[in-house]
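A structural walkthrough
Spelled out from the first residue to the last, the chains are:
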Amino acid sequence: FARRSFVTITVTRDTSHTDSILTIGYATSDLTATGVDSTKFAACGLLPATQRDGCGDYQQTSGELSFGVGVSQASFTINIMNDFCYERYAEYIQLTLNVPGGGVLTGDGFMAVVRIDDNDWETHANTNMNCA
C-alpha cells in the first residue's frame, strides 16, 4: 500500500502527427473533489495532517504542455492533499484540454476524470477522524 501525494497525468498524441510542434493547455476542475489554489495548498501542507480539515482534496492546476517534433507524450502533476480524514466515497477531478488562445476541446479524447481514493482507513483504523 503506497501513499502518494500526487498523480502524474500523461497526455499522448497520435504518433502519426508528430512532425510539428504542438502546444496543448490543460486544467483541473472540481467534480466531487474540492480543489484549492497553490497558496492555500502550501499553507495547509505546513499544518499537522490532523488539522487539515477544510484544506481541500487537491491543488488546482492549469498550464500548457509542449510537444516537440517527434514527441508523442508530455506530462503534468496534480498534488493531492493527505488530510487523514476518513472519506467513505471516492472523489473525482475533471481534466480538460484546450487549444491555448482558443476554446475547450470537446469529445472523449480531450477530457478525463481522476479518481481520488481514501488511503486513511488502513493507516488510522484505531482513531476516529471523520471530516466534513
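Our structure's up above, just so we're on the same page.
Let me sum up the structure you'll find in this document.

Conventions we followed
Residues numbered from 1 in each chain as written. Predicted model: local features only at pLDDT ≥ 70, side-chain atom pairs only at ≥ 80, totals over all residues. Heavy atoms only, no water. Pairing = 2+ DSSP bridges. Helix = DSSP H or I, 4+ residues; strand = E, 2+ residues; numbered from the N terminus. Axes fitted to C-alpha atoms, helices over the stretch in contact; angles between N-to-C directions. Disulfide = S-S within 2.5 Å. Buried < 20%, exposed > 50% of the residue type's maximum accessible area, 1.4 Å probe, protein only.

**Quick look at the sheet that holds strand 8 (residues 111-116)**
- Ordered in space as 5-2-7-8, the 4 strands form an open sheet in which the pairing is antiparallel. Either end of the sheet is taken by a strand with one partner, and the two such strands are strand 5 (62-67) and strand 8. Strand-to-strand twist of the sheet, defined as the mean angle between neighbouring strand axes without regard to direction, takes the value 25 degrees.
- Here 6 bridges tie strand 2 (residues 22-30) to strand 5, and the two strands are oriented antiparallel to one another.

**Some points on the state of the cysteines**
- Tallying each qualifying case throughout the model produces 1 disulfide.
- Each disulfide pairs two cysteine sulfurs, and for Cys 44 the partner residue is Cys 55, the sulfurs being separated by 2.1 Å. Of note, the bridge from Cys 44 to Cys 55 carries an S-S torsion of about -85 degrees and is left-handed in sense. Here Cys 44 is found in helix 1 (residues 38-45), whereas its partner Cys 55 is found in the loop between helix 1 and strand 4 (58-59), with 11 residues between them in sequence. Both residues of the pair, Cys 44 and Cys 55, belong to the buried class.

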